[in-house]
Every structure is written in C-alpha cells, then in structure tokens.
Amino acid sequence: MLRRTATVLGTVAAAFMLTTTTATATAADGIISAGEDNIKWRRSCDSVYFGAVGTTSAQTRKDAGGSCKGDAWLRVYTYSGWTSWVNSSTKAVISSSGGHITRAEHKGCSDCTVYSTELRWLD
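Residues numbered from 1 in each chain as written. Predicted model: local features only at pLDDT ≥ 70, side-chain atom pairs only at ≥ 80, totals over all residues. Heavy atoms only, no water.

Enquirer: An account of the packing of aromatic side chains is needed here, citing residue identities and associated values.
Expert: Evaluation of the coordinates by the stated rule reveals three aromatic pairs. On the numbers, 5.5 Å between centres and 15° between planes, the contact of Trp 41 with Tyr 49 is stacked. Over the aromatic face of Tyr 77 sits the side chain of Arg 103, whose NZ or CZ is 4.3 Å from the ring centroid. Positioned over the ring face of Trp 73 is Lys 107, at 5.3 Å from the centre of the ring. (Phe/Tyr/Trp six-rings, centres within 6.5 Å; stacked < 30°, edge-to-face > 60°. Lys NZ or Arg CZ within 6 Å of the ring centre and 35° of its normal.)

Enquirer: Can you explain the sheet that holds strand β5 (residues 57-62)? Please cite residues and give values.
Expert: Strand order across the open sheet formed by five strands is β2-β3-β4-β5-β9, with antiparallel pairing between neighbours. On the outer flanks of this sheet lie β2 (31-34) and β9 (91-95), each paired with one strand and no other. Looking at each pair of strands side by side, their axes are set apart by 5° on average, direction ignored. As defined by bridge partners, β5 adjoins β9 across five bridges and the pair is classed as antiparallel. Across the sheet, the residue bridging to Ser 57 is Ser 95, located in β9. (Pairing = 2+ DSSP bridges. Helix = DSSP H or I, 4+ residues; strand = E, 2+ residues; numbered from the N terminus. Axes fitted to C-alpha atoms, helices over the stretch in contact; angles between N-to-C directions.)

Enquirer: For the nonpolar core, give the residues involved together with the corresponding values.
Expert: By size, the foremost hydrophobic cluster in this structure holds nine residues: Val 53, Ala 58, Leu 74, Val 76, Ala 92, Ile 94, Ile 101, Ala 104 and Leu 119. When contributions to this core are tallied by element, the ones reaching two or more residues are β6 (72-78) and β9. Excluding residues that lie within four positions of it along the chain, Ile 94 makes contacts with Thr 56, Ser 57, Ala 58, Leu 74, Arg 75, Val 76, Thr 83, Ser 84, Val 86 and Ile 101. (Core = buried A, V, L, I, M, F, W, Y, C linked by side-chain atoms within 4.5 Å. Buried < 20%, exposed > 50% of the residue type's maximum accessible area, 1.4 Å probe, protein only. Contact = heavy atoms within 4.5 Å.)

Enquirer: Could you give me a rundown of unusual backbone geometry, with the residues and numbers involved?
Expert: Positive phi, close to 80°, is recorded for Asp 46, a residue that is not glycine. Mapped onto the elements, Asp 46 comes out in the loop between β3 (38-42) and β4 (48-53). The class of Asp 46 is partly exposed, set by a relative accessible area of 46%.

Enquirer: Summarise the confidence of the model for the protein chain; cite the residues concerned and give the values.
Expert: Atomic detail in the predicted coordinates should be set aside for any region of low pLDDT. Summarising the model, the protein chain shows a mean pLDDT of 80, and 74% of its residues fall at 70 or more. For the protein chain, the element scoring lowest by mean pLDDT is helix α1 (residues 2-19), at 38; strand β8 (residues 86-88) scores highest, at 98. Below a pLDDT of 50 lies the segment residues 1-28, which in the model reaches 35 contacts outside its immediate sequence neighbourhood of four places, other chains included. (pLDDT = per-residue confidence, 0-100.)

Enquirer: Please give an account of the state of the cysteines that cites residues and values.
Expert: Within this structure, the stated rule accounts for two disulfides. With its sulfur 1.8 Å from that of its partner, Cys 109 forms a disulfide with Cys 112. The chirality of the disulfide connecting Cys 109 with Cys 112 is right-handed, given an S-S dihedral of about 105°. When the bonded cysteines of the protein chain are counted from the start of the sequence, the pairing works out to 1-2, 3-4. (Disulfide = S-S within 2.5 Å.)

Enquirer: How would you explain the pattern of salt bridges if you had to name every residue and give the values?
Expert: In total, this model carries three salt bridges according to the counting rule given. Between Asp 63 and Arg 61 there is a salt bridge, with the nearest N and O atoms lying 2.7 Å from each other. In this structure, Arg 75 and Glu 105 form a salt bridge, with 2.7 Å as the shortest nitrogen-oxygen distance. Note that Arg 75 is positioned in strand β6 and Glu 105 in strand β10 (residues 103-107), a separation of 30 residues in sequence. (Salt bridge = Lys/Arg side-chain N within 4 Å of Asp/Glu carboxyl O.)

This is the structure:
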C-alpha cells in the first residue's frame, strides 16, 4: 500500500511540474491575477495589461481603459537566449514555430516593472 501511494504521489507531482508556470511579482506591484501561464496587472495610471507565454508564442496586451500612455512590451527566452524587446500600442506578440519559447517578460512601458512568466518542464 505504501509503495502504491508513493507511486501515485510521484505521478501527480510529475504531472503538476509539466504544466506549471510561474509569474514573478508581488501583489504590491499591482497584480490582478496570475495563472499557470499568464499574468494580469494594473499600473498606477489605471490601465490593465495581460501577459501570457506558451511554447510557440507569447503576448503582452494592453486592455482599453486607464490613462497610461505606455505600450505593451514583450521579450521571450528561447534556446538561443533572450530576444530583443518588442512593443505595440495594443498587443505585442512573438512566435516560435519550433516551440522553443521557455520564458517571457512583460511590461507596460519601456522603464516599467517587468513581470516574468516561465514554463516549467520535467527534466
């Protein structure tokens, strides 16, 4: 019975590690929500931003509302290293057809707080 319980717990832990991502920041930074592969935050000028990461693409989106002038900013980490930052007034997207994205960084202006999302894989 003990061996079977340990096997089940090990399987559950492995499945969890395969699907878990982290969003690095604190509630004091304006985080509204953080999920397995995304983060949503509000800047002090009341604009709301959303960031998400997956193996083949990542995005940072600026939602309507608020008075922030800052764009949606994004960069991703692949097996080759960090890409350059890209930005757009509404939605920045970076794609990798080979599925090589492992992390993304999101922000709401060029010198704003950086929010990180990371895919966790079982080695």
